[in-house]
Amino acid sequence: MRFLLSITAFQFMAFAGLAQQDARLAKASREYRSGWINVHLEGGPSDIGYQHGYLLAPEIDTTIRACAYWLEHETHRPWSFYTRAAKNFLWGKVDAEYKAEIDGIVAGLKARGVKYDRYDITAYNALEELAFYYVPQLMDAVKAHSGDNKAPGNCSAFIATGSHTRDGKIVMGHNNWTEYIWGQHWNVIADIVPSKGHHFIMDCMPGFLHSGDDFVISSSGILITETTITQFKGFDSTGIPEFVRARKASQYARSIDDVIRIFVTGNNGGYANDWLIGDLKTNEVAKLELGLKNHRVWRSKDTAMIGSNFASDPKLIAEETTFDVKDMTTSPNARKTRMESYVISELKGKLDAETGKLVEGDHIDATTNAIGHNRHAVCGHIEEDPVGCPEWDNAPFDPMGAVQGKVTTAAMAAKLQFWAHMGHPCGQSFIGETFYKEHPEWAWQSKYLKNMYSWPWAMFSAK
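Cut-offs applied
- Residues numbered from 1 in each chain as written.
- Predicted model: local features only at pLDDT ≥ 70, side-chain atom pairs only at ≥ 80, totals over all residues.
- Heavy atoms only, no water.
- Pairing = 2+ DSSP bridges.
- Helix = DSSP H or I, 4+ residues; strand = E, 2+ residues; numbered from the N terminus.
- Axes fitted to C-alpha atoms, helices over the stretch in contact; angles between N-to-C directions.
- Disulfide = S-S within 2.5 Å.
- Buried < 20%, exposed > 50% of the residue type's maximum accessible area, 1.4 Å probe, protein only.
- Phe/Tyr/Trp six-rings, centres within 6.5 Å; stacked < 30°, edge-to-face > 60°.
- Lys NZ or Arg CZ within 6 Å of the ring centre and 35° of its normal.
- Core = buried A, V, L, I, M, F, W, Y, C linked by side-chain atoms within 4.5 Å.
- Contact = heavy atoms within 4.5 Å.
- Parallel < 35°, antiparallel > 145°, perpendicular 65-115°, else oblique.
- Nonpolar A, V, L, I, M, F, W, Y, C, P; charged D, E, K, R; others polar.
- Salt bridge = Lys/Arg side-chain N within 4 Å of Asp/Glu carboxyl O.

The next thing to look at is the sheet that holds strand S10 (residues 284-290). The 9 strands lie next to each other as S1-S2-S5-S6-S7-S8-S9-S10-S11, forming an open sheet whose pairing is mixed. The outermost strands of the open sheet, each flanked by one partner alone, are strand S1 (29-33) and strand S11 (295-300). Strand-to-strand twist across the sheet, computed as the mean angle between neighbouring axes with direction ignored, equals 15°. For strand S9 (residues 273-279) and S10, the ladder comprises 7 bridges, and the chain directions are antiparallel. Across the sheet, the residue bridging to Trp275 is Leu288, located in S10.

Applying the stated rule across the entire model yields 0 disulfides. As a non-bridged cysteine, Cys67 has Cys204 as the owner of its nearest cysteine sulfur, 13 Å distant. Looking at Cys67, the relative accessible area reads 0%, which means it is buried. Free cysteine Cys379: the closest other cysteine sulfur is in Cys426, separated by 3.9 Å.

Across the sheet, 6 strands lie side by side as S12-S3-S4-S15-S16-S19; this open sheet has antiparallel pairing. Two strands lie at the open edges of the sheet, namely strand S12 (303-307) and strand S19 (458-461), each paired on one side alone. Between one strand and the next, the sheet's axes are offset by a mean angle of 20°, whatever the strand orientation. Pairing of strand S3 (residues 156-161) with strand S4 (residues 171-179), which is carried by 5 bridges, proceeds in the antiparallel orientation.

Attention now goes to the packing of aromatic side chains. Under the criterion given, the structure shown has 24 aromatic pairs. Geometrically, the ring pair formed by Trp36 and Phe460 is edge-to-face, given 6.3 Å between the ring centres and 65° between the ring planes. Here Trp36, found in strand S2 (residues 36-43), pairs with Phe460, found in strand S19; they are 424 residues apart in sequence, far enough to count as distant. The same class applies to Trp36 and to Phe460, which are both buried. Arranged with centres 5.8 Å apart and planes meeting at 45°, the rings of Tyr69 and Trp444 form a pair that is tilted. Within this pair, whereas Tyr69 is found in helix H3 (residues 57-75), its partner Trp444 is found in the loop between helix H15 (432-438) and strand S18 (451-452), the two being separated by 375 residues in sequence. The structure contains a cluster of three or more aromatic residues connected by ring pairs, namely Trp70, Tyr124, Phe132, Trp182, Trp186 and Phe208. Note that Arg33 overlies the ring of Phe460, its terminal NZ or CZ placed 4.2 Å from the centroid.

This part covers the nonpolar core. Tyr82, Leu130 and Trp182 are the most contacted members of the largest nonpolar core, which totals 93 residues. Tyr82 has contacts with Leu71, Thr75, Arg77, Ala123, Leu130, Ala131 and Val135, leaving out every residue within four places of it along the chain. Residues Ile159, Met305, Trp455 and Phe460 belong to the second largest nonpolar core, which totals 22 residues.

This paragraph deals with the packing of helix H5 (residues 96-111) against helix H9 (residues 242-252). Any two packed helices are characterised by how steeply their axes cross, that is the angle between the axes, and by the distance between the axes. Direction vectors running N to C along H5 and H9 enclose 105°, while the axes themselves pass 11 Å from each other. By the angle class used here, H5 and H9 are roughly perpendicular. For the pair formed by H5 and H9, the contact residues are Glu97, Tyr98 and Glu101 on the first element and Val244, Arg247, Lys248, Gln251 and Tyr252 on the second. Here the residues of the contact of H5 with H9 sort into 3 nonpolar, 1 polar and 4 charged.

On to unusual backbone geometry. Residue Asp214 follows Asp213 across a cis peptide bond; omega there is 0°. Here Asp214 is to be found in the loop between strand S6 (200-204) and strand S7 (215-218). One non-glycine residue, His145, lies in positive phi territory at about 70°.

Moving on to the pattern of salt bridges. Summed over all chains, the structure comprises 23 salt bridges. Of the charged contacts in the structure, one is a salt bridge between Arg118 and Asp103, with a shortest N-O distance of 2.9 Å. Remark: Asp103 occurs in helix H5 and Arg118 occurs in helix H6 (residues 118-125); sequence separation between them is 15 residues. Relative accessible area serves as the criterion here: at 31%, Arg118 is assigned to the partly exposed category. The partner of Lys281 in a salt bridge is Asp279, with the nearest N and O atoms 2.9 Å apart. The class of Lys281 is partly exposed, set by a relative accessible area of 49%. You can call Asp279 buried: its relative accessible area is 3%. Among the charged side chains, a salt-bridge network with shared partners connects Asp140, Asp148 and Lys233.

This is the structure in structure tokens:
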């Protein structure tokens, strides 16, 4: 720990000295704590981008390399395929201010000797929608149904208010399920004060304009999180990228209606989610289930809403997914059963920051009513998983699962604060050497995935 603190102090001094030479960095800062990199970014789009690229240059480089490596192995397409997609149909749909921010990131990287262009950063931000929505669409065009079941069934979340929480006000929690090879890098907490729009704080990967997994708190009183709709099919390359709409909602929304409008307008179907939204001003929460052809909204001031990658609208399920809602052996359905029992029933009237942490680290397998370190648990550990499920064609073992967790309450969110846990929210670390010995078929990931340590919960606040 002394070593980590000394590095942080050294970096702080280096950045402070640099800020005297470069006005763009004067208001920016970086701190390493509890497995997270906490950055403060402030100013116009190009300045925020430059600060982001400069302060996180080594991490952006490492993460893009890891993502490109994984994508080529798993989707059989090189990184150049993704950058061409960014150039051909994504870049033209990016708002001018976010183009300026992306170019600012490129400039900040260049100042640190790291060379990427605007299409690299755009493709990287669109990682989810390109790999899991656009590529499957191309696969289906070649061979029908070959792209089925590619959309992720990752993440567990809840948002609650009224009689379901301890103080009657909003509580929100989320844990991010993804491949460890890049999920280990979902360890940035970005505190952003843009020259236009609202001050907001979010978790993200280095180089992301948006949260990506998503967990956002805005000074407008808006809270946003989500879980993906598993086995979703649909993508419109003429639409607005999901990462642009997600960032715009984070920065500009003042109400639940604003969030819905921003996400629906120009929707490209990429990264189709059940969005959980809260408004501190009204104490109301909502769920926006957003496909490509269909969307539906549920709202209430007295409810607990959960997400574990299941869709709820029968029309959307039938028309836009291949998901079997009756198969209780699947991860989304098993986690849904557990969260209905735990979050909605058992913890009714008790939800707060501390019980929220327990939810995100929960290990009860609803199919057995016993402890399970597998994909049926809210804190998924697929690297230990003895259970095979149809939505993962490389089951039963896979180095993926819950890579981190976050929880906030209305009182905390009003101060732009939340609790964050890097690594499995239950506290268990992933040790690559042990896993690769037991499962050598995954040793190819050891180039970029060594270990993923679990750190203590820590509170982060905007400046």
